[in-house]
Amino acid sequence: MEDEEKPIINLNAIKIHFEIIGPRETNKYHVTVKRAGEDHPEFNGWLTREEIIVKAQEWTDEGCTIWVSINDMEEGIDNIEGVQALTDLFFDIDAKRADKTQPATKEEKKEAGERAVKLKNYIEKKYKAQGFIASSGNGWHLHFPLPKYPIVGTNFRHEVNAKVTAFSKRMAKEAGVETDSTFDIRRVSTLIGTFNQKIQGKPLKTEWEKDLMEIPFEQAVEIINTARKVNKTVLEAIMNENAGAPPTQSGTEETGELTEEEKIRVANRIDILRAEDEKLDTLLDGETKGYKSRSEAEFALIIKLIQYGFSKKEVFYIMDNISQQKKWKETRTSYKEHTYKKAKQYAEAYAQERAVMQEQKPKPEPVENPLKEGEDPLEVLLKPVRRKVLLEP
């Protein structure tokens, strides 16, 4: 009886969740795992989807809820400034529970479900888009998978966060639907296929809509990939959203001194990146070989730093205190400002061009099986060898 009541995860639903939120640059996802009633998470870090799948049942058995980042985040940076690419637009529609210590009643969940469907239908009709609904245990999650959109630079990440927030709020308002008010691009959502265990001793099943679960996995993946392409209209609407200046940012990127804590964080991250990126390492050592001038080598280094998500203030600190490129230290502030501005423009243009190329990249044609039905692969391989031996004197 005890075994029958044990919450068993749904691997197929988990795999569908990863398909919807999309791939990651390093194949690692930010994951947070927490037990009900605990102040600190059991785990908060980056793992591959395979590692998460392997651990999912164990964490579930321990009474934990598992959350995964909806967008692609740089390893080690658990905030908006760590979001390196948009991959999913997410809405959380909670049931209006009369008693927060108890799971939502059937009626409460039904009402929330009606709101989720209404919002989904509104966005789909307005943008000719396609979204997917999942039961989160005490409500519903709505996902619109997006074409991967790289976000280069700290300031731009805050700007995109403001756009996503403004767009999401506007959609909910226009559709006349009440949703959760948190739309940060760094947020995590329950890994569908596991259990919502925020109420101790009451594990709640999470699952995708039946239309997605009752078809073969390969077919579901095709539908999700098609949705990601057609949802380009949603991505364009987000990027065209007039959100005004991000609340924590000024019109120009912040410059000035880093705090001691920030200096240590930057130095530690540079050490990690140098071990992984030989080109970055040699440029930081002052190498100019392969470049026409010191300025060109310096420009390449600054582009790399921007692509790794360092803010303007951090780039200036690295160039002044860590880099051995000499020209930077010999020049005036106006030259540094101009070089940084040009490097950022180049990095952003490259990221957008790469996103377009990735989207247009043709899928490889399926390879036809050269073997006839019933043929043994080993026999086919050995046949020419045997023939050669027999023909040789």
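Report follows, based on the coordinates. Remember, predicted model here, so these are calculated numbers, not experimental data.

## Concerning the environment of Pro7
Topologically, Pro7 is positioned in the loop between helix H1 (2–5) and helix H2 (11–21). Ignoring sequence-local partners within four residues, the contact set of Pro7 consists of Gln57, Thr60, Asp61, Phe195 and Pro203.

## Considering the sheet that holds strand E6 (residues 132–135)
Taken together, five strands build an open sheet; the order of strands is E4-E5-E7-E6-E11 and the sheet is antiparallel. Of all strands in the sheet, those with a lone pairing partner are strand E4 (72–73) and strand E11 (207–208), marking the two edges. Here nine bridges tie strand E5 (residues 83–94) to strand E7 (residues 139–150), and the two strands are oriented antiparallel to one another. Bridge assignment links Phe90 to a residue of E7, and that residue is His143. Seen against the sheet, helix H8 (residues 232–239) touches E5 and E7 and runs at an angle of roughly 80° to E7.

## Some words on the packing of helix H4 (residues 106–127) against helix H5 (residues 154–175)
In a pair of packed helices, the angle between the axes and the distance between the axes together describe the arrangement. Interhelical geometry of H4 versus H5 gives an angle of 105° and a closest axis separation of 9 Å. When the axes of H4 and H5 are compared, the pair comes out roughly perpendicular. Where H4 abuts H5, its residues Lys118, Leu119, Tyr122, Ile123, Lys126 and Tyr127 lie against Phe167, Arg170, Met171, Ala172, Glu174 and Ala175. Grouping the constituent residues of the contact of H4 with H5 by class yields eight nonpolar, no polar and four charged.

## Here's the deal with the packing of aromatic side chains
The tally for this structure, following the rule as stated, stands at seven aromatic pairs. With a centroid separation of 4.8 Å and an interplanar angle of 65°, the aromatic rings of Phe18 and Tyr29 are classed as edge-to-face. Pair noted here: Phe18 is in helix H2 and Tyr29 is in strand E1 (residues 28–35), with a separation of eleven residues, a long-range link. Assessed through its relative accessible area of 0%, Phe18 is described here as buried. When its relative accessible area of 0% is taken as the criterion, Tyr29 is described as buried. A ring pair is formed by Phe316 and Tyr340, whose centres lie 6.0 Å apart and whose planes are at 65°; its orientation type is edge-to-face. In this pair, Phe316 sits in helix H12 (residues 312–321) while Tyr340 sits in helix H14 (residues 333–360), placing the two residues 24 residues apart along the sequence. Above the plane of the ring of Trp140 lies Lys109, whose end atom (NZ or CZ) is 5.0 Å from the centre.

## Re the pattern of salt bridges
Scanning the model with the defined rule gives 27 salt bridges in all. The residue Glu174 makes a salt bridge to Lys126 at a minimum N-O spacing of 3.8 Å. Linking Glu174 in helix H5 with Lys126 in helix H4, this pair joins segments that are 48 residues apart in sequence. Several salt bridges share partner residues, and in doing so they unite Lys126, Arg170, Glu174 and Glu241 into one network.

## Quick notes on the sheet that holds strand E3 (residues 64–69)
With antiparallel pairing, four strands are arranged side by side in an open sheet as E2-E1-E3-E8. Edge positions in the sheet fall to strand E2 (43–48) and strand E8 (188–190), since each of these pairs with one other strand and no more. Put simply, the sheet's adjacent strands are angled 35° from each other on average, direction ignored. One ladder, built from three bridges, connects E3 with E8; its direction is antiparallel. In the sheet register, Trp67 faces E8, and the bridge partner there is Thr190. With respect to the sheet, H2 is in contact with E1, E3 and E8, its orientation differing from that of E3 by roughly 25°.

## Concerning the pairing of E5
Across the twelve residues of E5, eleven count as buried, placing the element largely inside the fold. For E4 and E5, the ladder comprises two bridges, and the chain directions are antiparallel. Paired with Asp72 across the two strands is Ala85, which belongs to E5.

## As for the packing of H5 against H8
The contact between H5 and H8 brings their axes to 8 Å, and the two run at 110°. Between H5 and H8, the angle is such that the two are roughly perpendicular. You can see that H5 and H8 cross each other, and the crossing is right-handed. Here Phe156, Val160, Lys163, Val164 and Phe167 of H5 come into contact with H8, specifically with Val234, Ala237, Ile238 and Met239. Partitioned by chemical class, the residues of the contact of H5 with H8 number eight nonpolar, no polar and one charged.

Conventions adopted
- Residues numbered from 1 in each chain as written.
- Predicted model: local features only at pLDDT ≥ 70, side-chain atom pairs only at ≥ 80, totals over all residues.
- Heavy atoms only, no water.
- Helix = DSSP H or I, 4+ residues; strand = E, 2+ residues; numbered from the N terminus.
- Contact = heavy atoms within 4.5 Å.
- Pairing = 2+ DSSP bridges.
- Axes fitted to C-alpha atoms, helices over the stretch in contact; angles between N-to-C directions.
- Parallel < 35°, antiparallel > 145°, perpendicular 65-115°, else oblique.
- Nonpolar A, V, L, I, M, F, W, Y, C, P; charged D, E, K, R; others polar.
- Phe/Tyr/Trp six-rings, centres within 6.5 Å; stacked < 30°, edge-to-face > 60°.
- Buried < 20%, exposed > 50% of the residue type's maximum accessible area, 1.4 Å probe, protein only.
- Lys NZ or Arg CZ within 6 Å of the ring centre and 35° of its normal.
- Salt bridge = Lys/Arg side-chain N within 4 Å of Asp/Glu carboxyl O.
- Left-handed = near helix turned anticlockwise from the far one by under 90°.

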